[in-house]
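# Notes for the structure review
The lines below spell out each chain.
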Amino acid sequence: MDEVSQDIRYADAVMEIKGVPILYTPYLSQPAPQVKRRSGILAPSFATSSGSSGAFVALPYFWAISDDKDMTITPMYADSSPGLGLEYSQRTQRSRLSLGGSGLMDPPHEKGSKKRDFRGHFVGDGQFHINPHWRTGFVAERSSDQTYLRRLPYFSLSHKSQLISKGYVESFHCRNHFSVEGYSFQGLRQ
């Protein structure tokens, strides 16, 4: 272990499962357990399905931009289509913001065609304190089509039957509460 960089380093490392060597690497390092946040590659996600979704592979990279901001960049491959997922979050004393989404280009539906369709999704959540009595915020969930999120098990929205987006403004003063909200729904049932 390197005390200065707080890294654990391995030389000629071999990963074994039940005594069978699976992966060899001449060099590997990871943050020490006491490190709270650091940029680096996260655990990959793998999924296979006998249905229409086929195979899914994602390799996320976490980027600690600063103490209050971070981003996760996730190259992925789903059912013969390369794609990209992004997640950004930021927190300040008076606000929090989280934005994310993904997209991929579907292979052509007809033989001989070169036309590829874009499919994707967007999620967002934010809350902003204007002053001690007023705050505003939003929740956004949208998908390009009904089956995109079910096809990619990597996303937390894959189990939902509808996506709900809303915006709001509210006030708290003494024992009074005032709120205005607007909603939008996107059904995901076939």
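The sections below set out a description of the structure shown in this document.

Conventions we followed
- Residues numbered from 1 in each chain as written.
- Predicted model: local features only at pLDDT ≥ 70, side-chain atom pairs only at ≥ 80, totals over all residues.
- Heavy atoms only, no water.
- Helix = DSSP H or I, 4+ residues; strand = E, 2+ residues; numbered from the N terminus.
- Buried < 20%, exposed > 50% of the residue type's maximum accessible area, 1.4 Å probe, protein only.
- Polar contact = N/O pair within 3.5 Å; in protein donor to acceptor, adjacent residues only side chain to side chain.
- Contact = heavy atoms within 4.5 Å.

A few words on the environment of Asp2. Residue position: Asp2 is located in the segment before strand 1 (7-17). For the pair Asp2 and Pro31, spaced 29 residues apart in sequence, the C-alpha separation works out to 9.7 Å.

Residue position: Gly124 is located in strand 10 (residues 118-129). Its relative accessible area of 7% is what places Gly124 among the buried residues.

Looking now at the side chain of Glu170. Looking at the secondary structure, you find Glu170 in strand 12 (residues 162-173). What makes Glu170 buried here is its relative accessible area of 9%. Polar side-chain contacts of Glu170 include one of 2.6 Å to the side chain of Arg135. A distance of 3.2 Å separates the side chain of Glu170 from the side chain of His177, its partner in a polar contact. If near-sequence neighbours (up to four positions away) are discounted, Glu170 is found in contact with His133, Trp134, Arg135, His177, Phe178 and Ser179.

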